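Okay, here's what each chain looks like letter by letter:
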Amino acid sequence: MDALAGPDMLVDAADYNEQMADHQDVAIITPQHLDDDVLEEHEPLANDYEAMKALVLPANPDLETEAEAVSTWHIEDWRSLQKREHGPVMMCGGFPWYVFVPASHGLCGNEFAFANCVIYRRILFFPYGNNVEYASFYLEQGFGEEKPPEDWYACVQFTLVLWNANDPSIYTSHNANHRFTVEEGDWGFTRFAELRKLFHGLWEDKSRPMVENEAANMSAYIRIVKDPTGVLWHNFINYDSKKVTGYVGLKNQGATCYLNSLLQSLYFTNSFRKAIYQIPTENEESYSNSAYTLQRLFYQLQTSNDAVSTSELTRSFGWETKHIFEQQDVQELSRKLMERMEEKMKGTNAENALAKLFVGRTKTYVSCINVDYKSSRVEDFWDIQLNVSGNKNLDESFKDYIQVETMDGENKYSAEGYGLQDAKKGVIFESFPQVLHLQLKRFEYDVNKDAMVKVNDRYEFPEIFDATPYLSEDADKSEPYIYQLHGVLVHSGDSNAGHYYAFLKPTKDGLFYKFDDDRVTRATMKEVLEENFGGDYNLPNGHTIQGIRNPYTRTLSTKRSMSAYMLVYLRKTRLDAILPEVSKDDTPPHLQKKLEEERANREQKRKEREEAHLYLPVKIITEESFKAYQGFDLAVWDADPAHDPAAPRSYRTLRTMNIGELTKKIAADIGKEADNLRLWVMVNRQNKTVRPDQPLVDSLMTIEDAHAKFGTKGHEFRIWIEEATKFDGGRPVWPDIQHQPSSNSPILIFVKHFDLEAQSLKGAGYFYMRKHDKVPELAAPIQQLMGWGTGVSLRLYEEIKPAMIEPLKQKQSLNQAEIQDGDIICFQKNLKPEESVPLAQAGKYTDAREIYDHLLNRIIVRFCPKIPKTDEDQTFTLELSKKMTYEQFSSRVGEHLGVDPTYLRFTTVNPNTGNPKGAVKRNLSHNLAQILSPQFAQYTNQLSNQLYFEVLELSLTEFESKKNLKIIWLTEGITKEETFDILVAKNGVIADVLPVLQKKAKLDDATIRQVRIYEVHSGKVYKELNPDHGVVGIGDYVQLYAEKTPDEELKAEEDDKFINAFHFQKEPSKPHGTPFKFLMKPGETFRDTKVRLEKRTGIKGKQFEKIKFAVVQRISYSRPIYLADDDILYDVASEFDDLLGLDHADRSRGFWSRGDSIFIR
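Residues numbered from 1 in each chain as written. Predicted model: local features only at pLDDT ≥ 70, side-chain atom pairs only at ≥ 80, totals over all residues. Heavy atoms only, no water.

A.B. asks: What is the right way to read the sheet that holds strand β35 (residues 717–723) from this model?
C.D. replies: Whether parallel or antiparallel, the strands of a sheet pair through hydrogen bonds between backbone atoms. Reading across the sheet, the five strands line up as β32-β31-β35-β33-β34 and stay open at both edges, with mixed pairing between neighbours. Looking at the sheet topology across the chains shown, the edges are occupied by β32 (649–654) and β34 (690–695). Neighbour-to-neighbour, the strand axes of this sheet turn through a mean angle of 40°, independent of strand direction. As defined by bridge partners, strand β31 (residues 615–621) adjoins β35 across four bridges and the pair is classed as parallel. (Pairing = 2+ DSSP bridges. Helix = DSSP H or I, 4+ residues; strand = E, 2+ residues; numbered from the N terminus. Axes fitted to C-alpha atoms, helices over the stretch in contact; angles between N-to-C directions.)

A.B. asks: Is there a simple way to think about the confidence of the model for the protein in this case?
C.D. replies: Any region with low pLDDT has predicted coordinates that should not be read closely. Residues with a pLDDT of 70 or more make up 87% of the protein, whose mean pLDDT is 85. For the protein, strand β6 (residues 111–113) is the element with the lowest average pLDDT, namely 35, and strand β23 (residues 464–466) is the one with the highest, namely 96. Note on residues 31–40: pLDDT under 50 across the span, and 20 contacts to partners over four residues away in sequence or across chains. Within the model, pLDDT remains below 50 along residues 98–120, and this stretch shows 90 contacts once partners closer than five positions in the same chain are excluded. (pLDDT = per-residue confidence, 0-100. Contact = heavy atoms within 4.5 Å.)

A.B. asks: What's the story with the packing of helix α6 (residues 257–267) against helix α11 (residues 330–345) in this structure? I'm lost.
C.D. replies: The description of two packed helices rests on the angle between their axes and on the distance between the axes. Relative to each other, α6 and α11 sit at 50°, their axes nearing to 10 Å. It follows that α6 is oblique to α11 by the angle criterion. As for the relative orientation of α6 and α11, their crossing is right-handed in sense. Listed contacts from α11 to Y258, L259, L262, L263 and L266 of α6 are V330, L333, S334, L337 and M338. Looking at side-chain class alone, the contact of α6 with α11 contains nine nonpolar, one polar and no charged residues. (Parallel < 35°, antiparallel > 145°, perpendicular 65-115°, else oblique. Left-handed = near helix turned anticlockwise from the far one by under 90°. Nonpolar A, V, L, I, M, F, W, Y, C, P; charged D, E, K, R; others polar.)

A.B. asks: Please clarify how the nonpolar core should be interpreted in this entry.
C.D. replies: Nonpolar side chains tend toward joint burial in soluble globular proteins. Ranked by internal contacts, the top residues of the largest apolar core, which has 55 residues, are F272 and F298. Grouped together as the second largest cluster of nonpolar side chains are 39 residues, F432, A467, A475 and F503 included. (Core = buried A, V, L, I, M, F, W, Y, C linked by side-chain atoms within 4.5 Å. Buried < 20%, exposed > 50% of the residue type's maximum accessible area, 1.4 Å probe, protein only.)

A.B. asks: I keep staring at the packing of aromatic side chains and nothing clicks. Help me out?
C.D. replies: Given two aromatic rings, one states the distance between the centres and the angle between the planes to describe the pair. Scanning all chains against the criterion turns up 49 aromatic pairs. Relative to Y569, the ring of F465 lies with its centre 5.7 Å away and its plane at 45°, an arrangement referred to as tilted. With F465 in strand β23 and Y569 in strand β30 (residues 562–571), this residue pair connects regions lying 104 residues apart in the sequence. You can call Y569 buried: its relative accessible area is 0%. Judged by centre distance (5.6 Å) and plane angle (50°), the rings of F1104 and F1109 are tilted. Taking relative accessible area as the criterion, F1104 reaches 8% and is therefore assigned buried. Taking the relative accessible area as the measure of exposure, F1109 reaches 4% and is therefore buried. By the ring-pair criterion, three or more aromatic residues cluster together here, those being F381, F398, Y401, F429, F432, F465, Y470, Y481 and Y569. Over the face of the ring belonging to F199 we find R79, whose NZ or CZ atom lies 4.1 Å from the ring centre. Over the ring of Y501 we find K514; its NZ or CZ atom is 4.5 Å from the centre of that ring. (Phe/Tyr/Trp six-rings, centres within 6.5 Å; stacked < 30°, edge-to-face > 60°. Lys NZ or Arg CZ within 6 Å of the ring centre and 35° of its normal.)

A.B. asks: Would you mind going over the sheet that holds strand β42 (residues 823–829) with me for this structure?
C.D. replies: Reading across from one edge, β39-β38-β42-β40-β41 is the order of the five strands in this open sheet, with mixed pairing throughout. Edge positions in the sheet fall to β39 (760–770) and β41 (804–807), since each has one partner strand and no second. Going across the sheet, the axis of each strand differs from the next one's by a mean of 30°, ignoring polarity. Examined bridge by bridge, strand β40 (residues 794–801) and β41 share four bridges and lie antiparallel to one another. Bridging from a neighbouring strand, E799 pairs with I805 of β41. On top of the sheet, helix α20 (residues 779–786) reaches β38 (746–755), β39, β40 and β42; it is set at about 130° to β39, its chief contact.

A.B. asks: How do you make sense of the side chain of Q946 when you look at a structure like this?
C.D. replies: Relative to the helices and strands, Q946 is located in strand β47 (residues 946–951). Of the polar contacts made by the side chain of Q946, one reaches the side chain of R862; its length is 3.4 Å. When residues no more than four places from it in sequence are discounted, the contact partners of Q946 are V861, R862, C864, V909 and L932. (Polar contact = N/O pair within 3.5 Å; in protein donor to acceptor, adjacent residues only side chain to side chain.)

A.B. asks: Even after reading the chapter, I still don't get the pairing of strand β8 (residues 134–141), so can you show me in this structure?
C.D. replies: The element β8 is largely enclosed, with a buried count of eight among its eight residues. Where burial is concerned, the two faces of β8 agree: the one with Y134, S136, Y138 and E140 and the one with A135, F137, L139 and Q141 are both buried. Here β8 runs beside strand β11 (residues 186–194); their pairing, made up of six bridges, is antiparallel. Of the residues in β11, the one forming a bridge with F137 is F189.

A.B. asks: How should I be thinking about the pattern of salt bridges in this particular structure?
C.D. replies: Where charged atoms of side chains with opposite charge meet at close range, the side chains can pair. In the structure shown here, the tally under the stated rule is 56 salt bridges. In this structure, E194 engages R196 in a salt bridge whose closest nitrogen and oxygen atoms are separated by 2.8 Å. The partner of D1125 in a salt bridge is K1090, with the nearest N and O atoms 2.9 Å apart. Placement of the pair is D1125 in the loop between β56 (1121–1122) and α32 (1129–1132) and K1090 in helix α30 (residues 1086–1097), with a sequence separation of 35 residues. Since its relative accessible area comes to 30%, D1125 is described here as partly exposed. (Salt bridge = Lys/Arg side-chain N within 4 Å of Asp/Glu carboxyl O.)

A.B. asks: Looking at this structure, how should I read unusual backbone geometry?
C.D. replies: Generally, phi is negative for residues other than glycine and the peptide bonds are trans, each holding for most cases. For D77, which is not glycine, the phi torsion reads 50° and is therefore positive. In this structure, D77 sits in the loop between β3 (65–75) and β4 (85–86). For K1066, which is not a glycine, the phi torsion comes out positive at approximately 70°. Position of K1066 among the secondary structure elements: in the loop between β53 (1057–1065) and β54 (1067–1080).

A.B. asks: I keep staring at helix α22 (residues 848–857) and nothing clicks. Help me out?
C.D. replies: Since there are 3.6 residues in each turn of an α-helix, residues three or four apart along the chain are aligned in direction. Within α22 the residues assigned to the buried category are A848, I851, Y852, H854, L855 and N857. Capping of α22 at its N-terminal end is provided by D847; its side-chain oxygen lies 2.7 Å from the backbone amide nitrogen of R849.

A.B. asks: Would you explain the packing of helix α8 (residues 290–303) against helix α16 (residues 589–610) in this entry?
C.D. replies: Remark: α8 packs on α16, axes separated minimally by 11 Å, with the N-to-C direction vectors making an angle of 65°. Crossing of α8 against α16: the hand is right-handed. Contacts from Y292, Q295, R296, Y299, Q300 and T303 in α8 reach H590, L591, Q592, K594, L595, E596, E598 and R599 in α16. Among the residues making up the contact of α8 with α16, the classes are represented as four nonpolar, five polar and five charged.

A.B. asks: Sorry, what's going on with the side chain of H234 here?
C.D. replies: Note that H234 resides in the loop between β12 (216–225) and α5 (241–245). Looking at H234, its side chain comes within polar contact range of the main-chain nitrogen of F236, at 2.7 Å.

A.B. asks: Would you explain the environment of L139 in this entry?
C.D. replies: For L139, the position within the fold is in strand β8. In sequence terms L139 and F125 are 14 residues apart; their C-alpha atoms lie 8.8 Å from each other.

A.B. asks: I keep staring at the pairing of strand β26 (residues 513–516) and nothing clicks. Help me out?
C.D. replies: Along any regular strand the residues' side chains alternate between the sheet's two faces. Burial along β26 is one-sided: the face carrying Y513 and F515 is buried and the face carrying K514 and D516 is not. Examined bridge by bridge, strand β25 (residues 498–504) and β26 share three bridges and lie antiparallel to one another. Across the sheet, L504 pairs through a bridge with Y513, a residue of β26. As paired elements, β26 and strand β27 (residues 519–522) share four bridges and run antiparallel to each other. Residue pairing for β27: F515 is matched across the bridge by V520.

A.B. asks: Explanation requested: helix α18 (residues 659–670) in the structure shown.
C.D. replies: The end-to-end C-alpha distance of α18 is 16 Å, a good match for the 16 Å that 12 residues give at a rise of 1.5 Å each. Contacts from the buried residues of α18 go to β31, β32, β33 (677–684), α19 (703–710) and β35. Measuring from the side-chain oxygen of the N-cap residue of α18 to the backbone nitrogen of G660 gives 3.1 Å; that N-cap residue is N658. Phi turns positive one or two residues past the end of α18, at G671, with a value near 75°. (Expected span 1.5 Å × (residues − 1).)

A.B. asks: How do you make sense of the environment of K243 when you look at a structure like this?
C.D. replies: Among the secondary structure elements, K243 is positioned in helix α5. Of the residues examined, K243 reaches a relative accessible area of 59% and is grouped as exposed. The spatial distance from the C-alpha of K243 to the C-alpha of N305 is 8.1 Å, given a sequence separation of 62 residues.

Next comes the structure, spelled out in structure tokens:
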């Protein structure tokens, strides 16, 4: 029987096309493909329900049946049915699943029910297709108008069989697995069967159509299965790990799943968690302290309801973005983390806590066979690396680990006093730790592929493990060394890509859970053990497959891609000590307080966001805040009140609050009488200043209406508070504000004082003037505010905007000077020349416009040491002017550091990494603004408020007259490198480099005379530099190598030739390593040449044996000519520009192509 497959059958929920276009399909759906031979021999009839059930709904041995049922619906008058129909009632499993039919159609035929069936279901039927030319059938939970219980679900395997009522040998079927929920109450087949085939012609190879006389039968076979993990066929939409399991996961930052699995394992080793909590961090609550951030992480895992971020922890490690997206070795990470925590625990109550948990001891021994001589060494271990390849299980790996090696023949042991002797060599365990970490070597180097590969062989490990057989005879065995499995850390994928997760058992007698980044689910023992043994997939009898697709590599394989790479076992006799209960009382009080405060703040902010539509932010300034303010305008509206007394006060007010109520609230806050206060609305002017515009006189107007009518759209409601100074019968008297241009109404004026002595510009207060008043009349109220006599001469300026400070003309009226409400007048004492000259000579400002210019151009610059010389933070900030020249700002930095500024060198900062970028050129025509923000700043990409500094050994002028060359000094062939920065005159030559190199590398006179320097491009030798080669032509990014000329080259004969050699991996276009110059001798076989190559390179033993040698022609796309031992290199490399290639793996990079070893700061 042919079944519809692939694109011919669309399987989904009934309302998919209308409602669920973005639905995540997690159900497993399989059209019935039956073997033709089996059908001919054993094909049952559709009305033989027991036989059909065995055929179309076979039992799955991995799933436990909870209930089963079958029901048949006799469909009549097919072409007369409505667009959407329901079948009759069907009972199965304790909840209502039923079949509905239209009133005009009765239920005909037989109905059968199997054991334990109490759930109602119904078949949902689209006779004319659900927007397709196919009949559509779905199974639906049958609660009907009655809503299912909250969190109701059922995991169902079902098969729908459509068959000819007159000939039950004619049928077609489809089956599916689905998790029916309140949200997903139906599931089935949009393209169950093509309509034209159902009615017209013969069905398949039968003698009649499927639908005859407008009638057919639909049988539904249902099996409800138990859900041991709670997530069988779950789509994980709105899944709540904490609610379902009681635990939360860790967020993946990019490629940090390996870190997450290790951290969860350590977290659920409760005694480790307690030890971390014991590290004193109350005096070092810094995000650079990895112990503190690990404490924070553990506490959040303990108390949070949502997945926790590891970003604080990785930042404390010193990791940058690139490290977040690189998968690292878990064993190396574990060891580094343990080392760092051990350092933090020294000298505290937690000292040695980790060693007591994780450290065991091994004894390496050698025992001579023929003489009485033994040698042994006992060492600590934190984890054990076990071979997977060649071993079937954990026991075999341990036997392999402690197997005895016989040292004889050429491998005899040199015994002190006995000479070379036959001996037995091996390793035996003296003790195992309470927490046993076993690292399974799932990744190993493949010589043939010359790459790291994953070992996917089947490898079994038990739930209970007895380590006693692997202990030495002298070990203390008074307490059993029997271990219980606590954790399985899994890698899914291959050596190029993959994913990490962990199965952990948080409590002594509890269940295992799967911790997969931010998702936590319950796990079965089969998932923990069998599914992580690796090896081939276990298939039903006789079944074969081409392979299962790996979700990470997108390749097919018959072997499991997921396998255990790390096992955690706990000693059974110490379980209570290893897994003690950890409560809030065990966490440091300062940590609890800090995190609870942060949590409360987050909750408050969340609540505020949710209620934001009900509230309007209001900010106010007062005369007191204005008098404390130094700067442009009346205030900086985003200033922090905690650090700035001039910062505006902020209020979160209900939009329905009226002006009168707001006035009372503000009055109570600032300690004033509400009746004595008047609120002025402030607006944004066209010149980008913010000034009071008009008083709010209607006390019943709501804040929302006032803001909409008078305020500035898109900003908080900004208000200035005026306090009455005149009273009549105890009631405040306010100036009568009118806005007719012709009137002589009062004007609200703010005044600022430029204090020549203090060199400050601050608010002095406010007063009212009349529009027709003359400018000189401003002097009297100013003198009164300041308490000065009338004889003090003043200079007056209007602060129009930051870059426009204009002097006021004496003969103008305020109206003619266009002074209006909220304008700012700046005043200063008018000094005589003999008074102003000393101030100017002292570098002080004598004109208010000068201090305004300073405020406009001031900038806070952060200076960091490029090469920190101590552990102390040497970073500092200075307030500078953007107009300062290089000499001026370097003098300020030199003054702060106490060094000669001519010895300072500055470097710009990369905004993405925070690393030094480019040296600042000493240009007398450039000011600080141009240095920090060049004209094309969007292309230069540097921070505009930070510089690195360094104190040079010579003046910057002298330094800039020299060229800095980075020389890599080679020793021990090419295997050892040391880098030196060497300064030589720009007009110097290579010969000038040698004396400096001799001093820095500490070389004797004989050696330096034989040193040569060569230039390298793209991993290949470009040319050797002669002593008279000018250094000015050497590029800044060129690699320079220096080495002592090998002795064999000094003794080269006339016929000898030289060839340049380089390293590559598989393809010559992928060079790596250090290139070198090599001497070729005529007639020498390559077998002998390799002996000299081993000496020349310094690469020895197995590492040298893995190298394949080839002659590489410089012609593009030429293939390497690999050399055999009998070849003669001198003859094969016949062209003058041929190269010798060393083909081997790039050991500077790991098997995930990471460039740097993992580190924790």
